[in-house]
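# Examination of the molecular architecture
Each chain is listed here by its residues.
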Amino acid sequence: MQELTIHPPVSKFVLNGADLMLPGVLVPANGVVGFGTVTKGQPRCIKIDGNPYAIAVGRMLVNQTQMEKLKGKGMEVLHVYKDGLWAQCGKVKPNAGFTEEEEVAPCSESEWNKDNKELQESATKDAAETGDKPAEEKPSGGSLQAAADWTQDDLLDFTFLQAMKQSLADDKALPIEASELYEKHMKPARPEGTTLDVKKSSHKQIGKFLNAMRKSKAIDVTEKKGVIHVSKVDRNHKVFAALETKFADEIAVVPAAVAPAAPAATGGLPPPKVTALWKPSHYLEAIWKAMGKKKDDLFSWDEARSIVFNYIEQENLGKDGSIKMNEGLLEALWKTASGQKKDQKWPEEVDAEQVEEKLEDRLQRYTTIDVAGVGPTTRKGPPLNIAISLSRKGAHNVTRICNLEAYGLDPEALGDELKRKLNCTVYIEEMPGKNVKEKMLQLQGHVDQELGQFLEQRYGITKKFLEVK
């Protein structure tokens, strides 16, 4: 059954009969898409962060679009731990996290297995007395490189350590998205014959595993719109030392099987580096001025967030969990130039997530793309791929290329170079629209393959940055 995960303190409300409100649901590491397909009436279970067993089951009250908004009532709860049905069926406690307390507590599979070791030993003893031979437990992997008693938690620790020692040993590969770290670096680092599945671990999601690492201060993570990125790694931290000691024998025999984090292009040039930057709107001017910052400068998300939260700390408005509102925060993040509507009330106290959400609405997105041999180019808006379209013009095939300026490339200069390289006719056309300075490069023939090879060899611009239609 598909699941929704909540914080442990929220479980007491569910266990007391409340339906599940969507703001209390934890967003998966890969964002709202991690919820899967949501339909009204769909059966789902509820779990708490850090415990692999469900505390309740119910049916969804929202569809996919409503789910993505994460507002309002999301699930009608039909059956919970400690209700009449539970009592009628034997009062089973799935693991040590299920107690007589008001809320269910975190408890990993490994802890539960350890607590039940006596039961396993008792079963073995009974089998010996009756002459039955207990079934042999097979190791999760078929390799001598992995110990037979490794759990998925062990595999997570091991592959994370290997990824940070091999493919992500260079900090230039950071920040990296949680899903990319898991799929492209941790999975390939698993010992031969084993299967890594974070859903079968006590963490259930790679984002939760990384947050556990963050709490130990071995790494720093940033989370934006539910997507987690690893931004910094302290490879000298005691956590890494402990893992290296724990897996010393395995590290010695496991080959380096992880692909490099940022492979160089065929011509030896690094791929373009894309950086998201943010510019404050006029609403934030007062806070920026109070913190000694210029509102015309561009900032990373972490820098912009730090400015606002440093202001909150400076004004003694509280901490991340509970932030009191003052006129400065209201003007900067909540109020609009159109004025206050009739009977509208402003919040008196908010949490950090609400501040971040409002802050993002008051920032303008910019993107810097640094191309080898060209240098950085900064433009307003999200990153653009170089758009390549194949079509016909009269009796001729043509290839049209747009968005070259976003990568610092001059269409006219590039056209002259391609004319010699590909021996084709070149046209430069103005892009449609008022006050549009960008130009479109048009080449005779369908030359998308040749163009892709040229851009990669000449500038390190790989197919990842091209969009062919």
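Residues numbered from 1 in each chain as written. Predicted model: local features only at pLDDT ≥ 70, side-chain atom pairs only at ≥ 80, totals over all residues. Heavy atoms only, no water.

## What about the overall build of the protein?
This is how the line gets drawn: The helix count covers DSSP runs of H or I at least four residues long, the strand count covers runs of E at least two residues long, and both are numbered beginning at the N terminus. A 1.4 Å probe rolled over the protein chains alone gives each residue an accessible area, and that area as a share of the maximum for its type sets the label: buried under 20%, exposed over 50%, partly exposed in between. In this description, contact between two residues means that some pair of their heavy atoms is separated by no more than 4.5 Å. Here the accessible surface of atoms and residues is derived via Shrake-Rupley with a 1.4 Å probe, and residues count as covered only by protein chains that are part of the display.
Counting its secondary structure elements, the protein contains 16 helices and 18 strands. Burial analysis of the protein (469 residues in total) assigns 40% to the buried set. A sequence separation of at least 24 residues applies to 60% of the contacts in the protein between residues at least 6 apart. About 26,600 Å² of surface is accessible on the protein, with carbon and sulfur atoms providing 49% of the total.

## Quick word on the side chain of K204
Following the sequence through the fold, K204 ends up in the loop between α7 (178–186) and α8 (206–215). In this structure K204 comes out as buried when scored by relative accessible area, which is 16%. What K204 contacts, discounting residues up to four positions off in sequence, is E3, K47, P52, V198 and K199.

## Digging into the sheet that holds strand β15 (residues 396–402)
Rules: Pairing between strands is defined by DSSP: at least two bridges between them are needed. The axes used here are C-alpha line fits, helices contributing only the stretch in contact, and every angle between their N-to-C directions lies in the interval 0 to 180 degrees.
Reading across the sheet, the five strands line up as β16-β17-β15-β14-β18 and stay open at both edges, with mixed pairing between neighbours. The open sheet has two free edges, formed respectively by β16 (426–430) and β18 (466–468), since each of these has just one partner strand. Averaged over all adjacent pairs, the angle separating strand axes in this sheet is 25°, with direction ignored. Bridging between β15 and strand β17 (residues 439–444) involves four bridges; their strand directions are antiparallel. Across the sheet, residue R400 finds its bridge partner in β17, namely Q442. Relative to β17, helix α15 (residues 411–422) is tilted by about 10°, and along the sheet it contacts β16 and β17. In the packing of helix α16 (residues 448–459) onto the sheet, the strands contacted are β14 (386–393), β15 and β18, and the crossing angle to β14 comes to about 155°.

## Digging into the nonpolar core
Using the following cut-off: Buried Ala, Val, Leu, Ile, Met, Phe, Trp, Tyr and Cys residues that are joined via side-chain atoms within 4.5 Å together make up what is termed a nonpolar core.
Counting residues in each nonpolar core, the largest one holds 32 residues, and the members touching the most others are F160, L181, M186, L210 and V230. Contributing elements (two or more residues each) for this core: α6 (152–165), α7, α8, β7 (219–224), β8 (227–233) and α9 (238–246). A per-element tally of this core places α6 first, with seven residues. Once you skip the residues sitting within four places of it in the chain, V230 turns out to touch L174, P175, I176, L181, L210, I219, D220 and V221. Judged by nonpolar contacts, the second largest core, of 25 residues, contains A304, L317, L333 and A352.

## As for the environment of E101
Position of E101 relative to the elements: it lies in the loop between α3 (84–88) and α4 (109–115). Sequence separation between E101 and K12 is 89 residues, and the spatial gap between their C-alpha atoms is 8.8 Å.

## Examining the packing of aromatic side chains
Threshold: Stacked, tilted and edge-to-face are the three classes applied to pairs of Phe, Tyr and Trp rings, where Trp contributes its six-membered ring and a pair requires centres within 6.5 Å; stacked means planes under 30 degrees apart, edge-to-face means over 60, and tilted covers the rest. Two conditions define a charge located above a ring, namely a distance within 6 Å from the ring centre to NZ of Lys or CZ of Arg, and an angle within 35 degrees of the ring normal.
What the rule picks out here adds up to nine aromatic pairs. Ring centres of F160 and F240 lie 5.9 Å apart, and the angle between their planes is 20°; this geometry places the pair in the stacked category. With a gap of 80 residues between them, F160 in helix α6 and F240 in helix α9 connect regions that are remote in the sequence. You can call F160 buried: its relative accessible area is 0%. Taking the centre distance of 6.4 Å and the plane angle of 80° together, the rings of F454 and Y459 count as edge-to-face. Take F454: its relative accessible area is 7%, and that puts it in the buried class. A residue is classified by how much of its surface remains accessible, and Y459, at 8% relative accessible area, is buried. An aromatic cluster is defined as three or more aromatic residues linked by ring pairs; in this entry it consists of Y81, W86 and F98. Of note, R305 hangs over the ring of F309, and the distance from its end group to the ring centre comes to 4.1 Å. The ring of Y283 has R362 lying over it, and the distance from NZ or CZ to the ring centre is 3.9 Å.

## A look at unusual backbone geometry
Not every positive phi belongs to a glycine, and L70 is a case in point at roughly 55°. With respect to the secondary-structure elements, L70 resides in the loop between α2 (64–69) and β5 (73–80).

## Overview of the environment of S300
Within the secondary structure, S300 is located in the loop between α11 (285–290) and α12 (301–314). Given a relative accessible area of 23%, S300 falls into the partly exposed group. Taking the C-alpha atoms as reference, S300 lies 8.3 Å from T275; in sequence the two are 25 residues apart. With sequence-adjacent residues up to four places away left out, S300 is seen in contact with A276, L277 and W278.

## Some words on the confidence of the model for the protein
For the record, the criterion: The predictor rates its confidence in each residue with pLDDT, a number between 0 and 100.
Looking at the protein, the pLDDT average stands at 81 and 84% of residues meet or exceed 70. Summarising per-element confidence for the protein, the mean pLDDT is lowest in α4 (48) and highest in strand β4 (residues 54–60) (94). Within the model, pLDDT remains below 50 along residues 110–115, and this stretch shows eight contacts once partners closer than five positions in the same chain are excluded. Note that pLDDT drops below 50 for residues 132–146; the model gives that stretch 20 contacts with residues more than four away or on any other chain.

## As for the pattern of salt bridges
Just so we agree on the cut-off: Should a side-chain nitrogen of Lys or Arg be within 4 Å of a carboxyl oxygen of Asp or Glu, the pair is scored as a salt bridge.
Evaluated as defined, the whole model comprises 16 salt bridges. Notably, a salt bridge pairs K295 with D296, separated by 3.6 Å at the nearest N-O pair. Its relative accessible area of 29% is what places K295 among the partly exposed residues. When its relative accessible area of 54% is taken as the criterion, D296 is described as exposed. A salt bridge links E438 to R379, with the shortest nitrogen-to-oxygen separation between them at 2.3 Å.

## Side note on the packing of α6 against α8
Quick note on the threshold: Any angle from 65 to 115 degrees is called roughly perpendicular, while one under 35 is roughly parallel, one over 145 is roughly antiparallel, and all others are oblique. Asp, Glu, Lys and Arg are counted as charged, while Ala, Val, Leu, Ile, Met, Phe, Trp, Tyr, Cys and Pro are counted as nonpolar; the rest, among them Gly, fall into the polar class.
Their axes nearest at 12 Å, the elements α6 and α8 cross at an angle of 70°. The orientation of α6 with respect to α8, classified from their angle, is roughly perpendicular. Contacts from L156, D157 and F160 of α6 reach α8 at I206, F209, L210 and M213. Considering only residue class, the contact of α6 with α8 consists of six nonpolar, no polar and one charged.

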